[in-house]
Amino acid sequence: MTVTRAQVAALPKAELHLHIEGTLEPELALELSARNGVPLRHADAAALRRAYAFTSLSSFLDLYYECMAVLRTARDFADLAGAYLAKARADGVTRTEIFFDPQVHMARGVPLSAVIDGLSAAAGRSAAAGGPRAELIACFLRDRGPDDAMRTLESLAGHAGRLLGVGLDSAEVGYPPAGFAGVFDAARGLGLHTVAHAGEEGPPEYVWQALDLLGVERVDHGIRSVEDPALLRRLAADGTPLTVCPLSNVRLRCVDVMANHPLPRLLDAGVLVTVNSDDPAYFGGYVADNYLALAAELDLGLTDLAALAGNSITASLTGS
Ligand code: ADE
Ligand code: ZN
């Protein structure tokens, strides 16, 4: 039986891997470009969408960082997050743990307080309107190195009460987690949760490092864990969740076609897998679209999808 969008939306779920800057739809990017007088290379929404033909993570990140230039004020961040939260609510998301990239914004001269004030305002409005409940995870850009991350953590410290945790993202290969151990220890000292992208394009060794050296509570992507049976046993034994993003993996060519996605093998190995959208404006769909793609192309039924949605609640850092 075909699974419908309404059935997927009716499953209460958490979204745990979502970059707020990756929810910037072309129409809003152009509106903010005009509002703030920040020109974009692509003149209209169709031209921007045509540029979304990615060949790798880094080919995506180039455009993603470029488009972020239009985000300047707290109001911009509130508009961005408000638009995402409305879509998440329609998809049955009851809670979401939202990533943002403070280093990119601070390097452009946008005060950290503008970013966090804007995102927090949208989160407050969403909670007051019945959800989803939204919390914030500040990600360090691994390709800017541990010293820059530590300086960023010092800036974040004054806002720690408004943050759920810290993460690690951006270009992966060549930037193993190991160097960030001190930063992650310091973040825990501020009472913050810790997660990290690992095993998206990078090897299983990076997932081991995220677990053993960074001590993360969750691994973002982690799909290359499927290549290492001992790692799968470790993830399953510890109940460490993976935040898997199927449409992203295919768009960035980490997986060739959805039919070959490792998600079923991760589930068979007993890993706590969750389904998420990563950068939905760029990858062809929000969280419900990811569930529907699994149903259509990996033959998962409603019971399987309900189990994945249940996993996402279990894997939430704020508890089930
Ligand atoms: N930043 C935004 N999306 C990302 C991804 N899929 N991997 C690493 N860094 C990211
Ligand atoms: Zn991501």
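Reading the values: rules and limits
- Residues numbered from 1 in each chain as written.
- Chains lettered and ligands numbered in written order.
- Predicted model: local features only at pLDDT ≥ 70, side-chain atom pairs only at ≥ 80, totals over all residues.
- Heavy atoms only, no water.
- Axes fitted to C-alpha atoms, helices over the stretch in contact; angles between N-to-C directions.
- Helix = DSSP H or I, 4+ residues; strand = E, 2+ residues; numbered from the N terminus.
- Parallel < 35°, antiparallel > 145°, perpendicular 65-115°, else oblique.
- Left-handed = near helix turned anticlockwise from the far one by under 90°.
- Contact = heavy atoms within 4.5 Å.
- Nonpolar A, V, L, I, M, F, W, Y, C, P; charged D, E, K, R; others polar.
- Near = heavy atom within 4 Å.
- Polar contact = N/O pair within 3.5 Å; in protein donor to acceptor, adjacent residues only side chain to side chain.
- Areas by Shrake-Rupley, 256 points an atom, 1.4 Å probe, with all protein chains shown as cover.
- 1 Å grid on protein atoms, 1.4 Å probe; cavity = no way out; pocket = protein on both sides within 12 Å on 5 of 7 lines; lining within 4 Å.
- Sits in = over half its atoms within 2 Å of the grid points.
- Buried < 20%, exposed > 50% of the residue type's maximum accessible area, 1.4 Å probe, protein only.
- Pairing = 2+ DSSP bridges.
- Right-handed = clockwise from strand over helix to strand, strands pointing away.
- Phe/Tyr/Trp six-rings, centres within 6.5 Å; stacked < 30°, edge-to-face > 60°.
- Lys NZ or Arg CZ within 6 Å of the ring centre and 35° of its normal.
- Salt bridge = Lys/Arg side-chain N within 4 Å of Asp/Glu carboxyl O.

1. Focus on the packing of helix α2 (residues 26-36) against helix α5 (residues 74-90)
Turning to step 1, where the next piece is worked out: Put simply, α2 and α5 touch, their axes get as near as 12 Å, and they point 165° apart. As judged from the angle between their axes, α2 and α5 are roughly antiparallel. The crossing of α2 and α5 is right-handed. Counted together, Leu28, Leu32, Arg35 and Asn36 of α2 and Arg75, Asp76, Asp79 and Leu80 of α5 form the full contact between these two elements.
Turning to step 2, where the next piece is worked out: Residue composition of the contact of α2 with α5, by class: three nonpolar, one polar and four charged.

2. Topic: the site of ligand 1
Turning to step 1, where the next piece is worked out: In the vicinity of ligand 1, the contacting residues are His19, Leu57, Phe60, Leu61, Tyr64, Asp169, Ser170, His197, Glu200, His221, Asp278 and Asp279.
Turning to step 2, where the next piece is worked out: Measuring from a nitrogen atom of ligand 1, one finds a side-chain N or O atom of Glu200 at 2.7 Å.
Turning to step 3, where the next piece is worked out: Taking Asp279, its side chain carries an N or O atom lying 2.6 Å from a nitrogen atom of ligand 1.
Turning to step 4, where the next piece is worked out: Isolated, ligand 1 exposes 260 Å² of accessible area, and the fraction of that covered by the protein chains is 100%.
Turning to step 5, where the next piece is worked out: In a pocket analysis with a 2 Å cut-off to the grid points, ligand 1 is assigned to the largest cavity.
Turning to step 6, where the next piece is worked out: Take the shell around ligand 1: its biggest share by element is four residues, from helix α4 (residues 57-67).
Turning to step 7, where the next piece is worked out: Grouping the constituent residues of the shell around ligand 1 by class yields four nonpolar, four polar and four charged.

3. Some remarks on helix α10 (residues 204-212)
Turning to step 1, where the next piece is worked out: Among all positions of α10, only Pro204, Tyr206, Val207, Gln209, Ala210 and Leu211 are buried.
Turning to step 2, where the next piece is worked out: Next to the buried residues of α10 lie β5 (193-198), β6 (218-221) and α11 (229-238).

4. Looking at unusual backbone geometry
Leave glycine aside and you will find that most residues have negative phi; peptide bonds, for their part, are mostly trans.
Turning to step 1, where the next piece is worked out: Of note, the bond from Gly131 into Pro132 is cis; its omega dihedral lies within 30 degrees of zero at 0°.
Turning to step 2, where the next piece is worked out: Positionally, Pro132 belongs in the loop between α7 (112-128) and β3 (133-141).
Turning to step 3, where the next piece is worked out: Even without glycine at this site, Asp299 takes up a positive phi of about 60°.
Turning to step 4, where the next piece is worked out: In this fold, Asp299 is placed in the loop between α15 (287-298) and α16 (302-314).
Turning to step 5, where the next piece is worked out: Given a relative accessible area of 69%, Asp299 falls into the exposed group.

5. Digging into the pairing of β5
Turning to step 1, where the next piece is worked out: When you tally the buried positions in β5, you get five out of six residues, the bulk of the element.
Turning to step 2, where the next piece is worked out: Pairing of strand β4 (residues 165-169) with β5 involves two bridges; the strand directions are parallel. Its bridge partner being in β5, Val166 is matched across the sheet by Thr194.
Turning to step 3, where the next piece is worked out: Following the chain from β4 across helix α9 (residues 181-189) to the adjacent parallel β5, one finds a crossover that is right-handed.
Turning to step 4, where the next piece is worked out: Here β5 runs beside β6; their pairing, made up of four bridges, is parallel. Bridging across to β6, Ala196 finds its partner in Val219.
Turning to step 5, where the next piece is worked out: Handedness of the crossover joining β5 and β6 through α10: right-handed.

6. Describing the packing of aromatic side chains
Turning to step 1, where the next piece is worked out: Summed over the entire model, instances satisfying the criterion amount to 11 aromatic pairs.
Turning to step 2, where the next piece is worked out: Aromatic pair Phe54 and Tyr282: ring centres 6.5 Å apart, planes at 50°, arrangement tilted. One end of the pair, Phe54, is in the loop between α3 (45-50) and α4; the other, Tyr282, is in helix α14 (residues 280-283), and 228 residues separate them in sequence.
Turning to step 3, where the next piece is worked out: Taking relative accessible area as the criterion, Tyr282 reaches 1% and is therefore assigned buried.
Turning to step 4, where the next piece is worked out: With centroids separated by 4.9 Å and ring planes inclined at 35°, the aromatic side chains of Phe60 and Tyr64 adopt a geometry described as tilted. Here Phe60 pairs with Tyr64, and both are found in helix α4, just four residues apart, close to one helical turn. Residues Phe60 and Tyr64 agree in their burial class; the two are buried.
Turning to step 5, where the next piece is worked out: Of note, Lys13 hangs over the ring of Tyr291, and the distance from its end group to the ring centre comes to 5.5 Å.

7. Remarks on the pattern of salt bridges
Turning to step 1, where the next piece is worked out: One pass over the full model with this rule turns up 14 salt bridges.
Turning to step 2, where the next piece is worked out: Across the pair Glu66 and Arg41 runs a salt bridge whose closest N-O atoms are separated by 2.8 Å. Within this pair, whereas Glu66 is found in helix α4, its partner Arg41 is found in the loop between α2 and α3, the two being separated by 25 residues in sequence.
Turning to step 3, where the next piece is worked out: Using a relative accessible area of 27% as the deciding quantity, one classes Glu66 as partly exposed.
Turning to step 4, where the next piece is worked out: By relative accessible area, which is 62% here, Arg41 ends up exposed.
Turning to step 5, where the next piece is worked out: Close ionic contact of Asp148 with Arg151 constitutes a salt bridge, the shortest N to O distance being 3.8 Å. In this pair, Asp148 and Arg151 are both assigned in helix α8 (residues 145-157), three residues apart and thus about one turn of the helix distant.
Turning to step 6, where the next piece is worked out: Judged by relative accessible area, which is 24%, Asp148 ranks as partly exposed.
Turning to step 7, where the next piece is worked out: Taken together, the shared-partner salt bridges in this structure form one network comprising Glu31, Arg35, Asp76 and Asp79.

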